[in-house]
Structures are given as structure tokens and as C-alpha cells.
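In case you want the letters, here they are:
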Amino acid sequence: MSDVLTAEVLRNALVVAAEEASIVVVRSAYSTFIVEGSDASAAVLDARGRLIAHSMATTLMNSMALKVALPELVRDVPLETMRPGDVYVLNDAYRGGVHTNDLLVYRPVFVGDRPAYFAATMIHVSDLGGLSAGGMAPLATDIFLEGLQLPPVRLATSTGLEPAVEAILRANSRTPDKVMGDVRALVAGTAVAAARVGALVAEYGAAGLASGIDDYLDYTEARTRTALADLPEGRFEASYPIDDDGISPEKSHDVRVAITLERRSSGDGRGEPQAPETRTDGEPQGPEMRAGVDVEPPEMRAVVDFAGTGAQVPAAINASASQSLAAAVFAVRCFLDPTIPMNDGCLRAIEVRLPEGSLLNARSPYPCGGRYVPIYAAMEAIFQALSDAVPERAIAPSGILQPFSIAAVGAPYWIHLSYDFGGVGARQGLDGPDATGVHFGIGRNSVPQAEPVESRCPLIVESIETIPDSGGPGRHRGGLGSRTVYRFLADCHVTTRGDRLRLAPPGRDGGLPGRVGGFFKRHLDGTVERLASKVNNVRFAAGEAFVVETTGGGGMGSPYERDREAVLADLDAGRVTERGAQEDYGLTR
């Protein structure tokens, strides 16, 4: 067994390999959203499908997709048929992918004559067809309206891109040059990560690297189970609504969860201790051999069961299983020690049950492009269930990510993909952060800055500001939402995919709801029209403006219990108005 220090060195080296790959993708990509928002992901996995490391700037929803989709790739393309230099791609949402615009790219890393590891990268490429430019399609009723679907196929060999695959990608994109620039960036990223993994094999030997990886995955599992042991055992339930599906604007849908925190025992059928794992070098790996652990850790686990969640619908509010799995793991981890690494060891202690054919595990042909909507509801349901379990770590519901796209009405196409964040719900003892959202690892740094957007698209970002009084009043105030105004210099189409714009995030323990945001059209005469939360290709004329307002987070505790000095400080900072201070907090000055 490798020593603890070697295992930790290897873990960090593999994380750096993934991080370097994601940086290469960002610096090589053509799409503004990638270059300016740094929205790229990379991971290192082994041939068994285990997530070994992923880039630190990535979202868990992307690295989980890379994990879940790898066995699907190997099922279609057996390991023994792969050759050095081969690169593969897929985007099938029902086989581990996300949605049509997210390309998952894999490069096998050979040890001897067989792949032992995979370097993987993923980004949302600029456009692969569908109802609207950029892959939004909020009113899609089946997957075929969302764009081109790719099963696992070989994208490149040691001699370059496969011409037939390039031709297919170009033929299905409004922006073929940008897409191929993005694809080449993805391939380049895998080459860098693969080279770094190869260097580690050469330095530590195949058996040494494999042993070190096994050790730190076991260490992560042990730390996760120990952290779960700090939570109270029991069953905790919650649900959270989705505003609507875009097709029936007044009909809401529910995501339900039951979380069981339990100590595995030999008498419980499902919770029997697992047999010792076999290491990649053939040596049995029992509990006594976990790196840095001289006694067996608590056999705690979390079972996250979404039974009772609404059935899949012919609308863009379904999610693929990989995305729902990521949401569940992320939400549980928010209540654990934040220093625990994220890798396959963590996943061993968290069992997620996703009913097939539900909003969280859609099957063909139901669309999956609107995955943010159900998985944010899943996250919120878990947050509220665990807030009941651990009140001292409670959080009120939050405003969420509001994606949108702005695109040319015809060729030559330009596309601006973006989103903005709502306010975070108040935490126990703390106000919620403003306009940062609760997300899978990225935040406002992923929102493209005004100047580069203005240089690439015919628009002006007139203003970006937080919205006073939008945070839910409470003893601890919810985070504020934001307002951004885009004025167009050319005719364009706007597509939106929002939620929590009708049903406000409620407060907890007597706190009040956050203020709902919305998408708006400011006409040339200055009048403002509210758009539906999910609209497709709304035409704007040059001179008109698109206003994005995000929703504030819920408050916690009675607002009349809020410290007077805190209200005065909010007044001075512009977070609360005189009216809000008087009406919401009963304070006048």
C-alpha cells in the first residue's frame, strides 16, 4: 500500500492535470461563453469508470456526466478496439450526457497495450441546431427539437479529426466555424490531461499509481462516512415546486425527496457491509488498509430517494440521470465537511435513487435541455430536508440560475449565451449572499463581462445592479436578486428558460419570501412588457432592451427580530429602501 503522503501527492497531481486541461479548453475555444465565462470542465477517470479527479473550476453536474457516460462509451467501443491517439465524443442525454449542446470528449490513456485511464473534457458548444440558436429550446416537446444527438463515436485519431464527423457537426450548426473551434479545444484539453497522466505512470509505475488512487478514494470514502456520522440518523422529507413547464404556464410540478441517514448493519438487507474491493493490482483492499485510517470508519450512508417526484413531461423541464445524480450529491455535500475531496470515494457513501421516467430521469424522447429547472428543485428539496435534520446549518430557499440566449435573426449568426443568478436564501446566523445563486461549483465568475460581450455582439450592457428589497425579510435577510439591461443595436431573437419567477422562494422559521424576478422587454416608447419565464425566439428590434431580473432568496426568522443596526446598515448600503425598512422591518428613522 502506498503511504498517505504519496496518495495525497498523486491526488493533487491528478486534480492539476484536470485543471490544466480545462484551462487549455478555455484558452483555445471560439465561443464567447466559454472564453469569457470559463465554462469548461475536465476530468480524469479510470477504465472502470471511477471519477478520479476533476477540474476545480468545473461544475459537478459536468464531471458527473463524464463519469456516468464513460461506461456507455466502453459498451459501444470496447477497450480492446481503442488505439493510442483515438478520441471519442457523445452527447446522448439518456446515456449519461446532459443535453445536445454539451459535448463529452474522451481520450484513452494506455498502460501497456490497453487503456487504463481516460482524460475527458466537456463544454457547451455554441450551436448544434434545434429550435433556437445556442441550444436553449425552452418550448421543445421532444429531444429531436433540441438539436443533433450523437451516440458514442470516434471523433479523432492520431492523424486528426474524423472528416465525416466534422462534416456532420458543421452541417447541423448555425455557427460551424465556432463549433469546430470548440471541438478542437476539447480535443486539445484531453491531450494535455492524458500527457500528465502518462507522466505519472512513468514516474510511479502502473501499480504504484493504481495503488495510490485506490488509497485516496478509500480515504475520501472514509471521510465522507465520518462526516455523515455527525448528522442525526433518521428519515427527512421535503418537496419543492417548479413554476411551470412552459407549455401550461399555470401548472406547477413537484420534486419530492426522502433522505435516510443510517448506519449500515448486517441485519438490514440493503445495508450489509460490502465485500472487500479488489485493487487494480489484484491485492484485496479491506477496511484496515484505507490510507490514513487505522480503524474502520463509521459505516454511515445517505440514501436519497426521489420516489413521488412528478413524471416526465413533453416539455423542457426534465433532466437526465447524470444531472440529477450530480444535484443530489452536491446538495448533500453542502452539509458535510467542505474539505472532503470530490471523487468516486465520496459517491460510495451516498446512494441516489432516481425513478425512471420521472422529471429527474427522463427517457427518450422526452427533452432534457431544461435540466436546470428540475435539478435545482431537487437541490432545494434536499436543502430543506437536511435543514430540518440539522437546524443549526439550515438555509432558506434561494433564487436560482436564469439562463437565456440572444442571437441574430438570420445569417451570419452571432450568439450570446448567458445566465444570471438569484439571491441565496438566508442561512442560520447569516444573511444570504447577493446574486450569486447556489450552484455546482461556479458562480458569478462564469457570467461573461460586459466589455467582451459588447465587442463580439451588437448590443450594449446598459446596467448591472442589485435590486433593493428583493431579499426575503427576516431576522437574517435573503440575498438580493440582480437586474441587467441589454440594449440591442441590431434586430435579434431572445430565448429564456427561467423558474422561481412565479412561485417565490419561501422563508424559513417566520422569514418572508424573496421577491420574484422576471424577463422583460422594454419597447422603443419606454413601456415595459413582462415575458413568460420560458419563451422561444422573441423578436426584439434594434433600440429595444432586454431586462433580466433575478429572484431574491428567502429570509430566515421573523423580520421584527432583525437587529436594528443591521437594518440601518442595509439602508445605508442601498440593499433596503426606506419603504422596505418600514413595511418589512417596522423601522423608521
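In the block above lies the structure referred to throughout.
### Here's the deal with unusual backbone geometry
Glycine aside, a negative phi is what most residues show, and trans is what most peptide bonds show. The omega angle of the peptide bond from Ser364 to Pro365 is 5 degrees, so this bond is cis rather than trans. Looking at the secondary structure, you find Pro365 in the loop between β13 (350-353) and α9 (372-389). Here the bond from Ala411 into Pro412 is cis, since omega is -5 degrees, no more than 30 degrees from zero. Turning to its location among the elements, Pro412 is positioned in the loop between β14 (402-408) and β15 (415-420). Positive phi is not limited to glycine here, since Ala435 has a value of about 50 degrees.

### Notes on the state of the cysteines
All told, the structure shown has 0 disulfides when counted by the stated rule. Here Cys457 is not disulfide-linked; the sulfur of Cys492 is the nearest cysteine sulfur, at 9.7 Å. Taking relative accessible area as the criterion, Cys457 reaches 6% and is therefore assigned buried.

### Overview of the pattern of salt bridges
Scanning the entire structure with this criterion turns up 48 salt bridges. Here Asp102 makes a salt bridge to Arg371, at a shortest N to O gap of 3.9 Å. Here Arg371 lies in the loop between β13 and α9 and Asp102 lies in strand β4 (residues 102-111), a separation of 269 residues in the sequence. Asp102 sits in the buried class, given a relative accessible area of 4%. Among the residues examined, Arg371 registers a relative accessible area of 5% and is labelled buried. In this structure, Asp305 and Arg353 form a salt bridge, with 3.9 Å as the shortest nitrogen-oxygen distance. Of this pair, Asp305 sits in strand β12 (residues 300-305) while Arg353 is found in strand β13, placing the two residues 48 residues apart along the sequence. The class for Arg353 is partly exposed, based on a relative accessible area of 24%.

### Observations regarding the packing of helix α5 (residues 176-204) against helix α6 (residues 206-229)
It is the contact of α5 with α6, at a shortest axis distance of 6 Å, that shows an interaxial angle of 110 degrees. Accordingly, the angle class assigned to the pair α5 and α6 is roughly perpendicular. Of the residues in α6, those in contact with Val197, Leu200, Val201 and Tyr204 of α5 are Ala206, Gly208 and Leu209. When its residues are assigned to classes, the contact of α5 with α6 shows 6 nonpolar, 1 polar and no charged.

The rules behind each value
Residues numbered from 1 in each chain as written. Predicted model: local features only at pLDDT ≥ 70, side-chain atom pairs only at ≥ 80, totals over all residues. Heavy atoms only, no water. Helix = DSSP H or I, 4+ residues; strand = E, 2+ residues; numbered from the N terminus. Disulfide = S-S within 2.5 Å. Buried < 20%, exposed > 50% of the residue type's maximum accessible area, 1.4 Å probe, protein only. Salt bridge = Lys/Arg side-chain N within 4 Å of Asp/Glu carboxyl O. Axes fitted to C-alpha atoms, helices over the stretch in contact; angles between N-to-C directions. Parallel < 35°, antiparallel > 145°, perpendicular 65-115°, else oblique. Contact = heavy atoms within 4.5 Å. Nonpolar A, V, L, I, M, F, W, Y, C, P; charged D, E, K, R; others polar.

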